[in-house]
Amino acid sequence: MAKAPPQFTCTACGATHRKWAGRCDACGAWNSIIEEAPLSAGPKAVGGRGRAIALSSLTHAEAPPPRRKSGMPELDRVLGGGLVAASAILVGGDPGIGKSTLLLQAVAAFAAQGLSCLYVSGEEAAAQVRLRAARLGLDKAPVQLGADTNLRDILTTLDHERPDLVVIDSIQTMWLDNVDSAPGSVAQMRAAVHELVSFAKRRGVSVILVGHVTKEGQIAGPRVVEHMVDTVLYFEGERGHQFRILRAVKNRFGPADEIGVFEMTGAGLSQVANPSALFLSERGQPAPGSVVFAGIEGTRPMLTEIQALVAPSPLGTPRRTVVGLDAARLSTILAVLEARCGIPFGGMDVFLNVAGGMRVLEPAADLAVACALLSAREDTPLPADTVVFGEISLSAALRPVSQTENRLKEAQKLGFCAALAPKLSKPVGVEGIVLHQMSDLTEVVGQVFGAG
Ligand code: TYD
Ligand code: MG
């Protein structure tokens, strides 16, 4: 029988390769490719010897899945309206970002709503988890706590206890005795997630799996199991900032790209009901390079401050430093400003930043970025009462973006009275907001900054 060829998998992004290499072509990570045993050892033909599976029609008979709310609105929103029974949720994030804190608070919140909850820690001893619970003021919460890493034992316990919700912290520490590789390897992690997901489906239990995002080496990252779960959430934030964003990147039971905003305090995570006010709270007098972007995150409008600094560069290749936005997007906007509007940025260092540690992924931020760059370069502040949004095409035309009215309403609510936006095909009016519509970036350059 022919032996299956070996397979090499990147532990950072999960891409498979035919050969080992020092650098993964797919994600660019170094030293992340490892050899993986092929799933089945022999290509034995299965043809026609199985049992017939039950088939049914597409007709929708069942009611939509019932949802259990945690009573933490920021979490419930990201889950798509609450927890679905028998679902598997993966929560990824950098080590130390606050995943264990978030999930301990979540599990206590669900327990307070009457769900029977179990928290299994493979990383910390039970005493450590208890200490954290005390710090969070949750030591009276009716949550059962386990500290173990042997998944066979854990599954046996779960089968016996039959909780409604179980948290596994973290999936990288779990190991199965029938899989012949070290805990944290791709093979162990896939097997462990497979066992837990099938347990969830079989027994109607919801499982939340914690996965550390890893950049190098022997530990597999959550990317390699994203396809196996129903919902993938990432907990993100900048070190040194207290804000944390829980972002849905995949959700079989609700909208993706919904976010929840939290603030890390001395006593755990507190929810931020009005993120726009919070992200703009540090804003002082109108300064050159600072622009307020009226964005949409999932279903919710959100205002953030985009800051740019443009300075003469002593370097041959000037610096382009971006925090919270896409670096490729900055290059595109700089190129459009140079080629279409005649504003050169060569010989200048450019720094771009979203205040508060927020990450903006929308193309609608283009115009705000361009305005911040122009404002910094021309040393001209934009009026403090103006918000900006709109997509820029490669021809420098401004493209309208979705949900203009919601963006304007949020701006009006926070005391802004003007907006700079692309020309709309049908009029949108929000009381108290003067809408400056422009169809091309050159118009913005000329009329707003008097340059070009
Ligand atoms: P943790 O939940 O252990 O992170 P993860 O599980 O993602 O590795 O959180 C660790 C950080 O959070 C740690 O640096 C301390 C901080 N923290 C607070 O600031 N306040 C708190 O109440 C708690 C429990 C943690
Ligand atoms: Mg942890």
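Values in this document were obtained by computation on a predicted structure and should not be read as measured data.

Draft legend 1. Spotlight on the sheet that holds strand β15 (residues 290-297). One open sheet holds the seven strands; their spatial order is β17-β18-β16-β15-β19-β22-β23, and the pairing between them is mixed. Strands at the two margins of the open sheet, each flanked by one partner only, are β17 (320-323) and β23 (434-438). The average angle at which neighbouring strand axes cross in this sheet is 25°, direction not considered. Pairing analysis gives eight bridges linking β15 to strand β16 (residues 300-312), with the strands arranged antiparallel. Of the residues in β16, the one forming a bridge with Ala-294 is Leu-303. Of the strands in this sheet, β17 and β18 (348-354) touch helix α7 (residues 327-341), which is tilted by about 130° from β17. Sheet strands touched by helix α10 (residues 441-449): β22 (418-422) and β23. Its angle to β23, the strand with the most contacts, is close to 130°.

Draft legend 2. Layout of the pattern of salt bridges. Throughout the structure, instances matching the rule amount to 18 salt bridges. A salt bridge links Asp-159 to Arg-162, with the shortest nitrogen-to-oxygen separation between them at 3.9 Å. The partly exposed category is assigned to Asp-159, whose relative accessible area is 30%. Notably, a salt bridge pairs Arg-377 with Glu-378, separated by 3.1 Å at the nearest N-O pair. Overall, the relative accessible area of 26% leaves Arg-377 in the partly exposed class. A relative accessible area of 26% means that Glu-378 is categorised as partly exposed. Sharing partners across several salt bridges, the network here consists of Glu-236, Arg-247, Glu-297 and Arg-359.

Draft legend 3. The arrangement of the side chain of Thr-231 in detail. Tracing the sequence through the fold places Thr-231 in strand β11 (residues 231-236). Given the relative accessible area of 3%, Thr-231 is considered buried. With sequence-adjacent residues up to four places away left out, Thr-231 is seen in contact with Ala-88, Ile-89, Leu-90, Lys-250, Asn-251, Arg-252 and Phe-253.

Draft legend 4. Representation of the site of ligand 1 within the structure. Neighbouring ligand 1 are 17 residues; Gly-96, Ser-100, Thr-101, Arg-132 and Gly-268 lie closest to it. Contact distances for ligand 1 include 3.0 Å between an oxygen atom and a backbone N or O atom of Gly-98. Contact between ligand 1 and Gly-266: an oxygen atom at 3.2 Å from a main-chain N or O atom of the residue. Calculation on ligand 1 without its partners gives an accessible area of 550 Å², and the protein chains cover 74% of this total. Those elements that place two or more of their residues in the shell around ligand 1 are α2 (99-112), α3 (126-135) and β13 (259-265). Ranked by the residues each element gives to the shell around ligand 1, the list is headed by α2, at three residues. Residue composition of the shell around ligand 1, grouped by class: five nonpolar, eight polar and four charged.

Draft legend 5. Spotlight on the pairing of β18. In the sheet, β16 pairs with β18 via seven bridges, with the strands oriented antiparallel. Among the inter-strand pairings, Val-310 is bridged to a residue of β18, identified as Val-350. Pairing of β17 with β18, which is carried by four bridges, proceeds in the parallel orientation. Residue pairing for β18: Val-322 is matched across the bridge by Leu-352. In the classification by handedness, the crossover that spans β17, the intervening α7 and the parallel β18 is left-handed.

Draft legend 6. Representation of the packing of aromatic side chains in the model. This structure, assessed with the given rule, holds one aromatic pair. Consider the rings of Phe-235 and Phe-262, whose centres lie 6.2 Å apart with planes at 75°: the pair is edge-to-face. Pair noted here: Phe-235 is in strand β11 and Phe-262 is in strand β13, with a separation of 27 residues, a long-range link. Note on Phe-235: relative accessible area 2%, which makes it buried. What makes Phe-262 buried here is its relative accessible area of 0%. Stacked on the ring of Phe-389, the Lys or Arg Arg-407 has its end atom at 5.5 Å from the ring centre.

The rules behind each value
- Residues numbered from 1 in each chain as written.
- Chains lettered and ligands numbered in written order.
- Predicted model: local features only at pLDDT ≥ 70, side-chain atom pairs only at ≥ 80, totals over all residues.
- Heavy atoms only, no water.
- Pairing = 2+ DSSP bridges.
- Helix = DSSP H or I, 4+ residues; strand = E, 2+ residues; numbered from the N terminus.
- Axes fitted to C-alpha atoms, helices over the stretch in contact; angles between N-to-C directions.
- Contact = heavy atoms within 4.5 Å.
- Salt bridge = Lys/Arg side-chain N within 4 Å of Asp/Glu carboxyl O.
- Buried < 20%, exposed > 50% of the residue type's maximum accessible area, 1.4 Å probe, protein only.
- Near = heavy atom within 4 Å.
- Polar contact = N/O pair within 3.5 Å; in protein donor to acceptor, adjacent residues only side chain to side chain.
- Areas by Shrake-Rupley, 256 points an atom, 1.4 Å probe, with all protein chains shown as cover.
- Nonpolar A, V, L, I, M, F, W, Y, C, P; charged D, E, K, R; others polar.
- Right-handed = clockwise from strand over helix to strand, strands pointing away.
- Phe/Tyr/Trp six-rings, centres within 6.5 Å; stacked < 30°, edge-to-face > 60°.
- Lys NZ or Arg CZ within 6 Å of the ring centre and 35° of its normal.

It is worth stressing that arrangement in space is one thing and function is another; only the former is reported here.
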